[in-house]
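What the coordinates show
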Amino acid sequence: MVEKILRMCKRLKQFSQAEIELISDIPLKELHNILNTLVAENKITYSNGIYFYQKKEAPVKIKNIFHNYNAKTIDLLLRCFCASITSTKTAQIVNIGEHQSDRIFTEIRNLI
């Protein structure tokens with residue numbers, strides 16, 4: 001039941017208790033308990049008689065494999081990647097290991 005109400009909250013984004021009561025056909029007391037639970041869990045917020053859905057922002061995880069290299073090396077790696085030069089040739093140009101250049105190219109593709 002809580003998940004159903006949460007899905008409605010997500011669709012409506014903002015609503016009053018009366019509005020969600022009409023849509024959900026849940027008794028007022030039970031609905032009030034569910035809304036209080038969602039507020040306590042920070043899934044929705046309550047302000048001036050209006051409930052607001054709290055949108056979750058997924059944390060962006062970016063592997064920082066570039067911190068081991070200086071700016072000139074990173075610039076060369078990116079230029080080689082954009083020029084479609086293979087990771088084997090890039091490793092020789094930039095003077096790093098082939099495994100490292102392959103791993104960096106894979107991370108660049110994932111970021112794109």
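Residues numbered from 1 in each chain as written. Predicted model: local features only at pLDDT ≥ 70, side-chain atom pairs only at ≥ 80, totals over all residues. Heavy atoms only, no water.

**Points about the packing of aromatic side chains**
Under the counting rule described, the total for this entry stands at 3 aromatic pairs. Geometrically, the ring pair formed by tyrosine 46 and tyrosine 51 is tilted, given 4.6 Å between the ring centres and 50° between the ring planes. Here tyrosine 46 falls in the partly exposed class, since its relative accessible area comes to 49%. Given the relative accessible area of 3%, tyrosine 51 is considered buried. Ring centres of phenylalanine 81 and phenylalanine 105 lie 5.3 Å apart, and the angle between their planes is 75°; on these two criteria the pair is classed as edge-to-face. Here phenylalanine 81 is found in helix H4 (residues 71–82), whereas its partner phenylalanine 105 is found in helix H6 (residues 98–111), with 24 residues between them in sequence. (Phe/Tyr/Trp six-rings, centres within 6.5 Å; stacked < 30°, edge-to-face > 60°. Buried < 20%, exposed > 50% of the residue type's maximum accessible area, 1.4 Å probe, protein only. Helix = DSSP H or I, 4+ residues; strand = E, 2+ residues; numbered from the N terminus.)

**Considering the pairing of strand E2 (residues 44–47)**
By the bridge criterion, 4 bridges tie E2 to strand E3 (residues 50–53) in an arrangement that is antiparallel. Paired with tyrosine 46 across the strands is tyrosine 51, a residue of E3. Between E2 and E3, which pair antiparallel one after the other, the connecting turn spans 2 residues, and asparagine 48 there sits at a positive phi close to 55°. (Pairing = 2+ DSSP bridges.)

**As for the pattern of salt bridges**
Scanning all chains against the criterion turns up 2 salt bridges. With a closest N to O distance of 3.5 Å, lysine 43 and glutamate 41 form a salt bridge. Between aspartate 75 and arginine 79 there is a salt bridge whose closest N-O contact spans 2.9 Å. With aspartate 75 and arginine 79 both in helix H4 and 4 residues apart, this pair spans about one turn of that helix. The class for aspartate 75 is partly exposed, based on a relative accessible area of 36%. (Salt bridge = Lys/Arg side-chain N within 4 Å of Asp/Glu carboxyl O.)

**Points about helix H3 (residues 28–40)**
Taking 1.5 Å of rise per residue, 13 residues should cover 18 Å, and H3 covers 18 Å from first to last C-alpha, within 8% of that figure. Among the residues of H3, Leu31, Ile34, Leu35 and Leu38 are the ones counted as buried. Summarising the axial view, the buried residues of H3 lie within an arc of 100°, below the 170-degree limit, and thus occupy one face. Facing away from the buried side of H3 by more than 90 degrees, the exposed set consists of Lys29 and Ala40. (Expected span 1.5 Å × (residues − 1). Arc of directions from axis to C-beta.)

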